[in-house]
Amino acid sequence: MTKLEVSKKLEINRNENSVISRPRRLRLSEGIRSLVAETEITPKQFVVPIFIKEGSGIKEEISSMPGVFRFSPDSSLDAEIQEINDLGIKAVLLFGLPKKKDSLGSNAYNPDGVVQQAVSRIKQTYPEMVVICDVCMCEYTDHGHCGIVNAQGHVENDRTTEFLGKIAVSQAQSGADIVAPSAMMDNQVLAIRQALVSSGFERTAIMGYSSKYSSSFYGPFREAASSAPSFGDRKSYQMDPSNVREAIRETELDIEQGADMIMVKPALSYLDVIRAVREKFNLPLAAYNVSGEYSMIKAAARNGWLEESRAVEEVLTSIRRAGADIIITYFAKEFLSNRQDSRVGSRGK
Ligand code: PBG
């Protein structure tokens, strides 16, 4: 444009009746809006967390997370995996709820443990389903901390990472495609990578919970998994919500240690962290839309304070828009089945 053209354009735009810049033209119909939508959510970007409870014939709703259930690793689980698969979802993240807990979390690396049973079951019935296992000790220890606690009540870093390596190997042995360490111990990714390689599992990928914050939004999960610490808190290992540069540092360390994928957790109060990590690193980035983020929408919707399906879509869109490739969310099934229903509905009109 010449200078004259530019100044003319500005003049017209300054005029109250400007017809040139009218962003609303692209908002006039559903068709146009979807043509110019910048952010998309597809089933293959979802990972569904599943709670596996030792026992048989179990499908019990978690009171703090309406619509989310604990399943035993048998036909109850098969039915759930079938539903997930039918919605086009490709991956699940497993958490184990053992009958017995002890100070060393020994059921976490029991070859016949509850998660190990679930992995082999899923791999038998749905070999294509990507199975990710959470690697942590808090669901398996009687004190509820994410690692080995010494006589002074401190979580011992390097002893814990040895155990995390053992847990990851037993999960890989049962068929897990990806292991996801969430204990927030220093060097946990390295310890797991070394343990996997020395046991012949160099093909098992690691999804690091690289920046996992010490968050109140894990509250409903701790009820779901009975994993609240019996003393103290997790602030000596999980990150302080004030920090974003530290998230970059933690992510850098995970990548150096051999992580194949990285994560920010929770998602909603940390969208800026997702963006910062996205801009700095090239690895696939997951965001964990955690239990509290799920339950607060459920609670508000139950009270009639907001429209659930719109709120869920907005939340998931914000996480993708912030830069996450993958969303780990308890909303995945509900979101996709609502979308299928509304498509069927509009075709019928
Ligand atoms: C285990 C773990 C937790 C979550 C994922 N892995 C609980 C915690 O750190 O207390 C939370 C997930 C959620 O809230 O949905 N360490």
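Refer to the preceding data block for the structure.
Just so it is clear, the structure is predicted and the values come from calculations on it, not from any experiment. Residue positions are given per chain, counted from 1 along the sequence in the order it is written. The predicted nature of this model means local features are confined to residues of pLDDT at least 70 and side-chain atom pairs, given and counted, to a pLDDT of 80 or more, with totals for whole chains, interfaces and linings taken over all residues. Excluding hydrogens and water, the side-chain figures rest on all heavy atoms present in the structure.

Student: Looking at this model, I keep getting lost on the overall build of the protein. Mind explaining?
Tutor: Tallying secondary structure elements over the protein gives 12 helices and 11 strands in all. Each radius of gyration reported is based on C-alpha atoms, and the globular scaling rule is 2.2 Å times the count of residues to the power 0.38. In terms of overall dimensions, the protein is globule-like: its C-alpha atoms have a radius of gyration of 23 Å, near the 20 Å expected for 349 residues. A principal-axis box enclosing the C-alpha atoms of the protein has dimensions of 75 × 45 × 40 Å. The contact criterion used is simple: two residues touch if any of their non-hydrogen atoms lie within 4.5 Å. Within the protein, counting contacts between residues at least 6 apart in sequence, those at least 24 apart form 72% of the total. For the protein, the computed accessible surface area is about 17200 Å², with 49% contributed by carbon and sulfur atoms. Secondary structure elements follow DSSP: runs of H or I no shorter than four residues count as helices, runs of E no shorter than two count as strands, and numbering proceeds from the N terminus. Method for areas: the Shrake-Rupley scheme with a 1.4 Å probe, in which residue coverage is limited to the protein chains shown.

Student: Where do I start with the layout of surface pockets in this structure?
Tutor: Empty space among the atoms becomes visible once a probe the size of a water molecule is rolled across them. Cavity: a set of points on a 1 Å grid over the protein atoms alone where a 1.4 Å probe fits but cannot get out. Pocket: an open set with protein on both sides within 12 Å along at least five of seven lines, its lining residues, like those of a cavity, having an atom within 4 Å of a point. Grid points are joined across faces, edges and corners, and a volume is the space filled by probe spheres set on the points. For the largest pocket, the calculated volume is near 960 Å³. Around the largest pocket, the lining comprises 24 residues; the ones closest to its centre are Glu30, Ser34, Ala37, Glu313 and Arg339. Among the elements of the structure, α2 (30-35), α11 (308-322) and α12 (332-348) are those that each provide at least two residues to the lining of the largest pocket. Polarity classes work like this: nonpolar for Ala, Val, Leu, Ile, Met, Phe, Trp, Tyr, Cys and Pro, charged for Asp, Glu, Lys and Arg, and polar for all others, with Gly in that last group. Residues belonging to the lining of the largest pocket are distributed by class as follows: 7 nonpolar, 6 polar and 11 charged. As for the second largest pocket, its lining consists of 17 residues, and the residues nearest its centre are Gly67, Val68, Glu80, Tyr330 and Lys333. Among the elements of the structure, β1 (46-53), β3 (65-71), α3 (75-86), α10 (291-302) and α12 are those that each provide at least two residues to the lining of the second largest pocket. In terms of residue class, the lining of the second largest pocket is built from 10 nonpolar, 1 polar and 6 charged.

Student: Before we go on, may I ask you to explain empty space enclosed by the protein in this structure?
Tutor: Counted under the stated rule, the structure contains 1 cavity of 30 Å³ or more. In this structure, the largest cavity occupies an estimated 150 Å³ of space. Lining the largest cavity are 18 residues, with Lys212, Tyr218, Phe221, Arg222 and Lys265 positioned closest to its centre. Its residues assigned to classes, the lining of the largest cavity shows 8 nonpolar, 4 polar and 6 charged.

Student: Teacher, can you tell me more about the pairing of strand β6 (residues 178-181) here?
Tutor: Along any regular strand, the residues point their side chains to alternate faces of the sheet. Note on classification: 1.4 Å probe, protein chains only; a residue is buried when its accessible area is under 20% of the maximum for its type, exposed when over 50%, partly exposed between these limits. Neither face of β6 is open: one carries Ile178 and Ala180, the other Val179 and Pro181, and all of them are buried. Relative to β6, strand β5 (residues 130-135) is paired through 4 bridges, and the arrangement is parallel. Bridged to cysteine 133 within β6 is valine 179. Every crossover in which the path from the first strand over the helix to the second runs clockwise, viewed with the strands pointing away from the viewer, is termed right-handed. Note that the unit made of β5, helix α5 (residues 157-174) and β6 has a crossover that is right-handed. With 2 bridges connecting them, β6 and strand β7 (residues 205-206) associate as parallel partners. By the bridge assignment for β7, valine 179 is matched with isoleucine 206. Each parallel crossover has a hand, and for β6 linked through helix α6 (residues 188-198) to β7 it is right-handed. What makes two strands pair is DSSP finding at least two bridges between them.

Student: Which parts of the structure should I look at to understand the pairing of strand β11 (residues 326-329)?
Tutor: Judged by which residues are buried, β11 turns out to be covered on both faces: Ile326 and Ile328 on one side and Ile327 and Thr329 on the other are all buried. Note that β1 and β11 share 2 bridges and pair parallel. Bridged to valine 47 within β11 is isoleucine 328.

Student: I keep staring at the site of the ligand and nothing clicks. Help me out?
Tutor: What makes a residue near a molecule or strand is one non-hydrogen atom of that residue sitting within 4 Å of it. In the vicinity of the ligand there are 20 residues, among which Lys212, Arg222, Lys265, Ser291 and Tyr330 approach most closely. Polar contact criterion, stated in full: a pair of N or O atoms within 3.5 Å, where within protein one must be able to donate a hydrogen and the other to accept it, and residues adjacent in sequence count only if both atoms are side-chain atoms. In the model, a nitrogen atom of the ligand is placed 3.3 Å from a nitrogen or oxygen of the lysine 265 side chain. For the ligand, the accessible surface in isolation is 400 Å², of which the surrounding protein chains cover 100%. By definition, a pocket or cavity contains a molecule when more than half of the molecule's atoms lie within 2 Å of the pocket's grid points. According to the grid-proximity analysis, the pocket containing the ligand is the largest cavity. For the shell around the ligand, the per-class residue count stands at 11 nonpolar, 3 polar and 6 charged.

Student: Honestly, the nonpolar core in this entry has me stumped. Any pointers?
Tutor: Here, nonpolar core refers to any group of buried Ala, Val, Leu, Ile, Met, Phe, Trp, Tyr and Cys residues whose side-chain atoms link them within 4.5 Å. Core analysis: the largest hydrophobic core is formed by 104 residues, its most contacted members being Ile50, Phe51 and Val92. Among residues more than four places away in sequence, those in contact with isoleucine 50 are Phe71, Leu77, Glu80, Ile81, Ile84, Val92, Leu93, Leu94 and Phe95.

Student: Is there a simple way to think about a positive patch on the surface in this case?
Tutor: Patch definition: residues with relative accessible area over 30% and no salt bridge; like charges joined within 9 Å; nonpolar side chains (Val, Leu, Ile, Met, Phe, Trp, Tyr) joined within 5 Å. The rule for a salt bridge is simple: a side-chain nitrogen of Lys or Arg has to be within 4 Å of a carboxyl oxygen of Asp or Glu. For the charge count, each Lys or Arg is scored as positive and each Asp or Glu as negative, with His and the chain ends excluded. A charged residue contributes its charge at one atom only: NZ of Lys, CZ of Arg, CG of Asp or CD of Glu. Residues Arg22, Arg24, Arg25 and Arg27 make up a contiguous surface patch of positive charge. Inspection of the secondary structure assignment puts arginine 24 in the loop between α1 (3-14) and α2. On the accessibility criterion, arginine 24 (61% relative accessible area) is exposed.

Student: Help me understand the packing of aromatic side chains, please; the structure alone is not making it clear to me.
Tutor: The relative placement of two aromatic rings is captured by the distance of their centres and the angle of their planes. Two rings from Phe, Tyr or Trp (for Trp, the six-membered ring) form a pair when their centres are within 6.5 Å of each other. A pair whose planes differ by under 30 degrees is stacked, one over 60 is edge-to-face, and the rest are tilted. Going through the model one piece at a time under the given rule, you end up with 12 aromatic pairs. With a centroid separation of 6.3 Å and 40° between ring planes, the pair formed by tyrosine 209 and tyrosine 288 is classed as tilted. Remark: tyrosine 288 occurs in strand β10 (residues 285-289) and tyrosine 209 occurs in the loop between β7 and β8 (211-212); sequence separation between them is 79 residues. Judged by relative accessible area, tyrosine 288 falls into the buried class, the value being 1%. Between tyrosine 294 and phenylalanine 331 the ring centres are 4.7 Å apart and the planes differ by 45°, which places this aromatic pair in the tilted class.

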